[in-house]
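Here is what each chain is made of, one letter per residue.
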Amino acid sequence: MTRVAVIVNGQSREADAEPRLLLADFLRHELGLTGTHVGCEHGVCGACTVLVDGEPVRSCLMFAVQADGKTIETVEGLADGDKLNHLQRQMREQHGVQCGYCTAGVLMSMTALLRETPSPSEPQVREALSAHLCRCTGYQNIVNAVLAASS
Ligand code: FES
Ligand code: FES
């Protein structure tokens, strides 16, 4: 076991991890942050995306021990208590969420996009969104939500 210390959503957290433990499982099972979803477990679907030092990372492709000392943002850090942030509200209002399985990962990637490019073009949104599989929405409403959140 290795002690892994991270800052998650602004809070210092630490727990033991076996060297093979994935960051996704560390977040969910050791830190109780179950908002991060696991879909394919091999880097394809994007459901497990979190921000590590501000960059979108597939947490099923990173070991927890590799995250030691890093700053992590998960979907739990977006809202202020019960108050959804602007992007989350737009996802709801534009019907960018259906089953919600992909949503946490999408939100984290789109958060990174909007920080880097506050007014992205539709092709830029679609390019960032291409890192995610969504089986429900057909993507258009997610694109609409991100564009609405950027304006
Ligand atoms: Fe990580 Fe699909 S669960 S990319
Ligand atoms: Fe169901 Fe995207 S909302 S997979």
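Above this text you will find the structure in question.
Residues numbered from 1 in each chain as written. Chains lettered and ligands numbered in written order. Predicted model: local features only at pLDDT ≥ 70, side-chain atom pairs only at ≥ 80, totals over all residues. Heavy atoms only, no water.

S.K.: Would you explain the overall build of the chain in this entry?
M.R.: In terms of helices and strands, the chain carries 5 helices and 5 strands. When the elements of the chain are put in sequence order from the N terminus, they spell out β-β-α-β-β-β-α-α-α-α. Taking 151 residues into account, the globule formula puts the C-alpha radius of gyration at 15 Å, and the chain, at 15 Å, falls close to it. Its C-alpha atoms give the chain principal-axis dimensions of about 45 × 30 × 25 Å. The burial tally for the chain puts 46% of its 151 residues in the buried class. Taking the intrachain contacts of the chain between residues at least 6 apart in sequence as the baseline, contacts between residues at least 24 apart amount to 55%. As presented, the chain carries roughly 7,700 Å² of accessible surface, and 48% of it is formed by carbon and sulfur atoms. If you average the places of the 12 positive and of the 17 negative side-chain charges in the chain, the two averages end up 5 Å apart. (Helix = DSSP H or I, 4+ residues; strand = E, 2+ residues; numbered from the N terminus. Rg over C-alpha atoms; globule rule 2.2 N^0.38 Å. Buried < 20%, exposed > 50% of the residue type's maximum accessible area, 1.4 Å probe, protein only. Contact = heavy atoms within 4.5 Å. Areas by Shrake-Rupley, 256 points an atom, 1.4 Å probe, with all protein chains shown as cover. Lys, Arg positive; Asp, Glu negative; His and termini not counted. Charge placed at Lys NZ, Arg CZ, Asp CG, Glu CD.)

S.K.: Explain the packing of helix α3 (residues 103–116) against helix α5 (residues 140–150) to me, please; I cannot follow it from the model alone.
M.R.: In the contact formed by α3 and α5, the axes pass within 11 Å of each other and the chain directions differ by 35°. α3 and α5 meet at a crossing whose hand is right-handed. Between α3, through Val106, Met110, Leu113 and Leu114, and α5, the contact on the second element is made entirely by Ile142, Val146, Ala149 and Ser150. Tallied by class, the residues present in the contact of α3 with α5 amount to 7 nonpolar, 1 polar and no charged. (Axes fitted to C-alpha atoms, helices over the stretch in contact; angles between N-to-C directions. Left-handed = near helix turned anticlockwise from the far one by under 90°. Nonpolar A, V, L, I, M, F, W, Y, C, P; charged D, E, K, R; others polar.)

S.K.: Teacher, can you tell me more about the pairing of strand β1 (residues 2–8) here?
M.R.: Bridge count for β1 against strand β2 (residues 11–17) is 7 bridges, and the pairing is antiparallel. Bridging from a neighbouring strand, alanine 5 pairs with glutamate 14 of β2. Counting the residues in the hairpin turn of β1 and β2 gives 2 residues, including asparagine 9, whose phi is positive at 50°. Pairing between β1 and strand β5 (residues 71–73): 2 bridges, direction parallel. Residue isoleucine 7 lies in a different strand from β5, and its bridge partner there is threonine 71. (Pairing = 2+ DSSP bridges.)

S.K.: I would appreciate a short explanation of the layout of surface pockets in the present structure.
M.R.: The rolling of a water-molecule-sized probe over the atoms marks out the regions of remaining empty space. Of the volumes computed, that of the largest pocket is approximately 220 Å³. Lining of the largest pocket is provided by 13 residues; of these, Glu55, Pro56, Ala112, Leu113 and Glu116 occupy positions nearest its centre. Those elements that place two or more of their residues in the lining of the largest pocket are β4 (55–58) and α3. The element that contributes the greatest number of residues to the lining of the largest pocket is α3, accounting for 5 residues. Its volume calculated, the second largest pocket comes out at about 160 Å³. Looking at the second largest pocket, the residues that line it are Gly39, Cys45, Ala47, Cys99, Tyr101, Cys102, Leu133, Cys134, Arg135 and Cys136. (1 Å grid on protein atoms, 1.4 Å probe; cavity = no way out; pocket = protein on both sides within 12 Å on 5 of 7 lines; lining within 4 Å. Points joined across faces, edges and corners; volume = space filled by probe spheres on them.)

S.K.: Help me understand the pattern of salt bridges, please; the structure alone is not making it clear to me.
M.R.: Side-chain pairs of opposite charge can arise whenever the charged atoms involved come near each other. Across all of its chains, the model carries 6 salt bridges by this definition. A salt bridge links aspartate 16 to arginine 3; its shortest N-O distance comes to 3.1 Å. Taken together, the positions of aspartate 16 in strand β2 and arginine 3 in strand β1 put the pair 13 residues apart, joining distant regions of the chain. Residues joined by salt bridges that share partners form a network here, namely Arg3, Glu14 and Asp16. (Salt bridge = Lys/Arg side-chain N within 4 Å of Asp/Glu carboxyl O.)

S.K.: Any chance you could explain the environment of alanine 79 here in plain terms?
M.R.: With respect to the helices, strands and loops of the structure, alanine 79 is situated in the loop between β5 and α2 (86–93). Taking relative accessible area as the criterion, alanine 79 reaches 21% and is therefore assigned partly exposed. Taking the C-alpha atoms as reference points, alanine 79 and glutamate 127, 48 residues apart in sequence, are found 25 Å from one another. Sequence-distant contacts of alanine 79, defined by excluding residues within four places in its chain, comprise Leu84, Asn85 and Gln88.

S.K.: Whenever I open this one, the environment of glycine 138 confuses me. Can you help?
M.R.: Mapped onto the elements of the fold, glycine 138 is located in the loop between α4 (122–129) and α5. In this structure the C-alpha to C-alpha distance between glycine 138 and threonine 34, which are 104 residues apart in sequence, comes to 25 Å.

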